[in-house]
Amino acid sequence: MFFLLIAVLLVVYYFSLPAILFNNPYSTVLEDRNGELMSATIAKDGQWRFPALDTVPDKFIQAIVHFEDKRFYKHWGVDVRAMARAIRQNIKAGKVVSGGSTISMQVIRLSRKGKSRTYIEKLLEVIQATRLEFRYSKNEIMVLYASHAPFGGNVVGLEAACWRYFGRDVHELSWGEAAMLAVLPNAPALIHPGKNREQLLLKRNALLDKLQQDGVIDAFTCSLAKEETIPDQPSPLPRYARHLLTRMVRDGREQTRARSTLHLSVQRRVEQIVQDHHKQLAGNQIYNAAALVLNVETGEVIAYVGNTEVNEPGYHGEEVDVINSPRSTGSILKPFLFAAMLDEGKLLRNTLVPDVPTVIDGFAPKNFKREFDGAVPAGQALVRSLNVPAVYMLREYRYEKFHALLKRSGMTTLNQPPDHYGLSLILGGAEGKLWDITGMYASMGRVLNRYFARKEGERYSESDFHSPRYTVENLNHVNQQLNQSYTLSASAIYQTVDVLKEVYRPGEETGWRNFYSAKKIAWKTGTSFGHRDGWAVGITPQYAVGVWVGNADGEGRPGLTGTETAAPIMFDIFSLLPGNAWFQEPYLEMQQVAVCSKSGLRIGEFCETPDTTWVSPKGLDMRSCSTHKRVHLTRDLKYRVHAGCSPLADMVSANWFVLPPLQEHYYKSRNISYKALPPFRAGCADQGNTGVMELIYPKPNARLFIPRELDGTPGSAVFELAHRNSTAVVHWHLDGEYLGNTAKNHRFPVNPGEGKHVLTLVDETGTLIESAFEVFSK
């Protein structure tokens with residue numbers, strides 16, 4: 001029976017200590033890559049209580065042991081001598097004036113949420129304190145104490161106290177600070193830096209004297225420590241990357257300490273840059289901005305500025321993390337289409353792309369300046385961010401394929417099927433996150449960087465395109481299977497970034513002249529419809545920088561464009577980042593070919609001004625130039641003729657750069673060197689009777705809305721035609737009824753009425769075109 005009783009008591013003793021001592025809510029703590037505190041949330045119970053420390057600084061250990069429990073490292077949880085002394089003092093005073101508690105016993109009391117100080121409670125503390133010593137080492141017990149001791153007000157734990165009272169890391173404590181913090185838990189409700197400063201100062205200095213007497217510190221150190229002042233009030237904690245802290249909570253990292261990939265020094269400077277620009281932008285009632293800086297090679301986040309600090313009156317959504325919020329993309333996705341078409345050989349970098357008034361299934365894209373170039377080299381169209389050429393390119397590439405490419409590249413916001421977006425996908429018809437898009441640009445740079453680090457046949461990996469990462473956890477646990485498959489090839493990406501490094505940007509917006517950087521940067525801007533979002537993203541071999549500017553509530557503002565608002569921030573950020581290298585050209589994956597300098601296509605038999613360019617492997621399959629044609633002219637070169645109307649001896653052959661009539665109509669006004677084809681000589685009709693004139697408006701089978709006049713009569717519209725011969729006379733017919741004729745400028749006001757109609761146009765040579773259209777009106 002005796003042994004059974006002993007066994008039962010041992011079992012009770014073994015299980016007397018809870019498996020988890022502390023179930024307190026903790027602050028969520030964000031640190032930079034070096035362990036520097038960036039920001040923290042307050043715990044759910046309103047206390048500043050950081051997650052448990054890993055280690056306790058030696059200065060605090062020395063101070064707390066000499067103040068609270070000088071035989072801490074010698075006893076087994078209970079100091080019998082201290083307990084006996086406390087009993088004598090309490091009996092003599094007739095009340096509890098001393099507890100005789102060891103640090104181990106205080107850990108138990110803290111875990112039991114401050115139960116009343118009775119002899120029964122003290123006995124339980126004694127029992128559990130001894131059990132604590134069996135489970136934990138002395139260092140672990142010290143960590144438990146330092147992490148949960150009260151330090152006055154709503155400050156709990158040594159680390160929170162260091163930041164609240166001294167604004168520094170726990171391992172940077174001075175002897176004066178360590179001594180002050182050691183005496184605080186003894187009576188935190190009575191003594192803290194905000195009140196009773198004299199009493200706190202006396203206790204601190206007395207502890208410093210004791211440390212000197214025991215040989216822990218010398219007299220000089222003691223004197224210096226006493227000169228340190230007591231802080232007046234608790235200080236606010238750092239608030240860097242506050243939106244990333246909120247994101248951590250949403251990502252399931254609440255009440256944890258996260259070591260991020262951020263650089264605190266870079267974060268501070270990027271936040272300052274964004275805030276400086278915010279002061280200027282706020283004058284135009286543009287209140288929000290965000291910036292993201294990534295390491296290209298690893299995808300690690302270097303700086304994360306989710307929004308501005310808004311001090312202006314009113315609500316401006318400054319708590320919104322714009323980096324992780326879907327916004328209209330504007331033109332920021334165009335480089336991916338350009339690279340994809342280069343990759344498939346559907347385009348060379350200077351291939352002419354149409355830039356004319358266009359209506360496709362009711363979709364009528366417009367350029368930023370509402371002007372047209374007729375035809376423009378694809379590279380220039382990308383740099384100038386022209387919308388109409390981009391739509392023509394996407395129509396040829398297929399928006400279904402582009403939708404899939406964007407998802408493979410890391411765009412997570414394409415939640416609808418491709419048909420939902422259609423051709424508008426390239427012009428901001430979809431929403432994207434700054435997080436995704438900056439990561440996609442960084443991934444392109446990563447493909448180029450790693451191309452030369454791998455051997456032939458293993459130059460690509462599916463892991464090259466991946467999302468950014470903001471924690472140091474699992475950075476190396478990424479699929480590195482090498483192969484020849486890729487999202488975008490290095491050769492296509494290089495040609496794209498080589499185009500994007502051009503600073504000259506006259507097409508999309510104003511303000512490009514203000515940008516100059518000593519380093520090469522491949523960059524692109526974007527502006528959403530209604531001037532609601534301004535984007536700028538740039539990459540170098542080392543860094544990717546993404547910037548968004550606008551209003552969190554979606555309000556548009558005049559002048560809110562990517563070039564005027566976001567790009568200046570991006571360039572300022574790049575100016576503080578080190579490195580001046582540029583991408584290597586992947587010659588092993590490219591070939592130099594002859595091209596036509598005017599059309600940008602593979603050189604054809606009639607091209608007279610050849611050039612050379614580097615192309616991707618499939619670029620070798622690009623069609624040859626068809627815009628240069630062999631024509632036959634009179635000897636004075638004024639008229640075209642053919643064998644049916646002129647002797648061969650009277651003809652002169654020439655190679656002529658010829659664009660379709662509609663493209664020519666706009667192209668020749670932008671390119672004074674362009675020569676239109678001479679007209680046919682009288683009596684020499686065009687044998688083909690094709691390609692002479694083309695409707696600008698309306699397009700074939702168009703559905704037009706023409707509002708009625710105020711008196712209820714059908715409204716009118718101005719129809720327009722492009723003709724290759726500037727002196728031609730064109731006769732206009734509607735539904736078989738003659739309307740009149742035009743010369744030179746072929747614009748004609750038409751009042752068609754509601755319903756289906758057929759427009760017929762005939763020039764003086766008999767060339768005829770017919771176009772059906774339908775009118776709706778109200």
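What comes next is a walk through the structure. (Residues numbered from 1 in each chain as written. Predicted model: local features only at pLDDT ≥ 70, side-chain atom pairs only at ≥ 80, totals over all residues. Heavy atoms only, no water.)

Here we come to the overall build of the protein chain. The secondary structure content of the protein chain amounts to 21 helices and 28 strands. Contacts spanning at least 24 positions in sequence make up 66% of the contacts within the protein chain whose residues lie at least 6 apart. When the accessible surface of the protein chain is totalled, it reaches about 35500 Å², and 52% of it is carbon and sulfur. (Helix = DSSP H or I, 4+ residues; strand = E, 2+ residues; numbered from the N terminus. Contact = heavy atoms within 4.5 Å. Areas by Shrake-Rupley, 256 points an atom, 1.4 Å probe, with all protein chains shown as cover.)

Examined bridge by bridge, strand β1 (residues 29–31) and strand β2 (residues 37–40) share three bridges and lie antiparallel to one another. Residue pairing in the sheet places E31 in a bridge with L37 of β2. As consecutive antiparallel partners, β1 and β2 are separated by five residues, and within that stretch G35 has a phi angle of approximately 85°, a positive value. (Pairing = 2+ DSSP bridges.)

Glancing now at the nonpolar core. Residues L333, F336, F402, L406, L488 and V497 are the most contacted members of the largest nonpolar core, which totals 85 residues. At ten residues, the largest contribution of residues to this core is made by helix α18 (residues 434–451). Within the second largest apolar cluster, 60 residues are counted, among which are V126, F151, C222 and I230. (Core = buried A, V, L, I, M, F, W, Y, C linked by side-chain atoms within 4.5 Å. Buried < 20%, exposed > 50% of the residue type's maximum accessible area, 1.4 Å probe, protein only.)

Right, let's talk about the side chain of S111 for a bit. Looking at the secondary structure, you find S111 in helix α4 (residues 103–111). With a relative accessible area of 12%, S111 lands in the buried category. From its side chain, S111 meets the backbone oxygen of I108 in a polar contact 2.6 Å long. Among all residues touching S111, those that are not within four sequence positions of it are L21 and F22. (Polar contact = N/O pair within 3.5 Å; in protein donor to acceptor, adjacent residues only side chain to side chain.)

Let's shift gears to helix α21 (residues 661–670). Residues separated by three or four positions in an α-helix point in the same direction, a consequence of the helix having 3.6 residues per turn. Those residues of α21 that sit buried are P661, L662, Q663, E664, Y666 and Y667. Where α21 is buried, its residues meet β9 (352–355), β10 (374–377), β20 (651–657), β21 (693–697) and β23 (717–723).

This part is about a nonpolar patch on the surface. A surface patch of nonpolar side chains, about 370 Å² in accessible area, is lined by I120, L123, L124 and I127. Secondary-structure assignment places I127 in helix α5 (residues 119–135). (Patch = residues over 30% accessible without salt bridge, like charges linked within 9 Å, V, L, I, M, F, W, Y side chains within 5 Å. Salt bridge = Lys/Arg side-chain N within 4 Å of Asp/Glu carboxyl O.)

A cluster of basic side chains, namely K70, K74, R81, R85, R88 and K210, defines a positive patch on the protein surface. Here the positive patch gets three residues from one element, more than from any other, and that element is helix α3 (residues 80–93). For R81, the location among the structural elements is in helix α3. (Lys, Arg positive; Asp, Glu negative; His and termini not counted. Charge placed at Lys NZ, Arg CZ, Asp CG, Glu CD.)

Strand order in this open sheet of three strands is β21-β23-β26, and the pairing throughout is antiparallel. In this open sheet, the two edge strands, each paired with only one partner strand, are β21 and β26 (746–750). With strand direction ignored, the average angle separating the axes of adjacent strands in the sheet is 25°. For β21 and β23, the ladder comprises four bridges, and the chain directions are antiparallel. Bridge pairing in β23 places L695 opposite L721. Packing of α21 onto the sheet brings it into contact with β21 and β23, and relative to β21 it is tilted by some 75°. (Axes fitted to C-alpha atoms, helices over the stretch in contact; angles between N-to-C directions.)

Within the open sheet, the three strands sit side by side as β2-β1-β5. Their pairing is mixed. The two strands at the open ends of the sheet, each matched to only one other strand, are β2 and β5 (257–259). Mean inter-strand twist for the sheet, computed between neighbouring axes without regard to direction, equals 20°. Two strands pair when backbone bridges link them, and β1 and β5 are joined in this way by three bridges, in the parallel orientation. In the strand pairing of β5, E31 is matched with R259.

Another point: the state of the cysteines. Taken as a whole and assessed by the stated rule, the structure comprises one disulfide. Between the sulfur atoms of C645 and its disulfide mate C684 the distance is 1.6 Å. Torsion about the S-S bond of the C645 and C684 cystine: about 115°, corresponding to right-handed handedness. Taken as a pair, C645 in the loop between β19 (628–634) and β20 and C684 in the loop between α21 and β21 lie far apart in primary sequence, 39 residues in all. Between C596, a cysteine without a disulfide, and C607, which holds the nearest cysteine sulfur, the sulfur-to-sulfur distance is 3.5 Å. Look at C596 and you get buried, because its relative accessible area is 1%. Among the cysteines around C625, which has no disulfide bond, C607 carries the closest sulfur, lying 3.5 Å off. Exposure remark for C625: the relative accessible area of 10% places this residue in the buried category. (Disulfide = S-S within 2.5 Å.)

Once that is clear, we can look at the pattern of salt bridges. Two side chains bearing opposite charge may form a pair once their charged atoms approach each other closely. Counted according to the given criterion, the structure contains 27 salt bridges. Residue R247 is joined to D251 by a salt bridge in which the shortest nitrogen-to-oxygen separation is 3.7 Å. We classify R247 as buried; its relative accessible area is 7%. Overall, the relative accessible area of 43% leaves D251 in the partly exposed class. Two residues, D464 and R454, come together in a salt bridge whose shortest N-O distance is 2.9 Å. A residue pair is termed long-range when its members are at least 10 positions apart, and D464 in the loop between β12 (460–461) and β13 (482–483) and R454 in the loop between α18 and β12 qualify at ten residues. On the basis of relative accessibility, which here comes to 12%, the residue R454 falls in the buried class. One network of salt bridges, in which partners are shared, links E31, E159, R257 and R259.

Here the focus is the packing of helix α13 (residues 334–343) against helix α15 (residues 387–397). At a minimum axis distance of 10 Å, the contact between α13 and α15 shows a crossing angle of 45°. By the angle between their axes, α13 is oblique relative to α15. The element α13 and its partner α15 pack so that their crossing is left-handed. Touching K334, L337, F338, A340 and M341 of α13 are N387, A390, M393, L394, E396 and Y397, all from α15. Classifying every residue of the contact of α13 with α15 by side-chain character gives eight nonpolar, one polar and two charged. (Parallel < 35°, antiparallel > 145°, perpendicular 65-115°, else oblique. Left-handed = near helix turned anticlockwise from the far one by under 90°. Nonpolar A, V, L, I, M, F, W, Y, C, P; charged D, E, K, R; others polar.)

Bringing the packing of α13 against helix α16 (residues 399–409) into the picture now. Direction vectors running N to C along α13 and α16 enclose 110°, while the axes themselves pass 11 Å from each other. By the angle between their directions, the pair α13 and α16 is classed as roughly perpendicular. Of the two elements, α13 crosses α16, and the hand of that crossing is right-handed. Listed contacts from α16 to F336, L337 and A340 of α13 are F402, L405 and L406. For the contact of α13 with α16, the class distribution of residues is six nonpolar, no polar and no charged.

Moving on: unusual backbone geometry. Put simply, Y697 and P698 share a cis peptide bond, and its omega is 0°. The topology assignment puts P698 in the loop between β21 and β22 (702–705). Phi is positive for A241, close to 55°, though the residue is something other than glycine. Positionally, A241 belongs in the loop between α10 (219–227) and α11 (242–250).

Inspection of every chain in the model, using the stated rule, returns 18 aromatic pairs. Geometrically, the ring pair formed by F72 and Y73 is edge-to-face, given 4.9 Å between the ring centres and 75° between the ring planes. Relative accessible area serves as the criterion here: at 45%, Y73 is assigned to the partly exposed category. Aromatic pair W582 and F583: ring centres 5.0 Å apart, planes at 65°, arrangement edge-to-face. (Phe/Tyr/Trp six-rings, centres within 6.5 Å; stacked < 30°, edge-to-face > 60°.)

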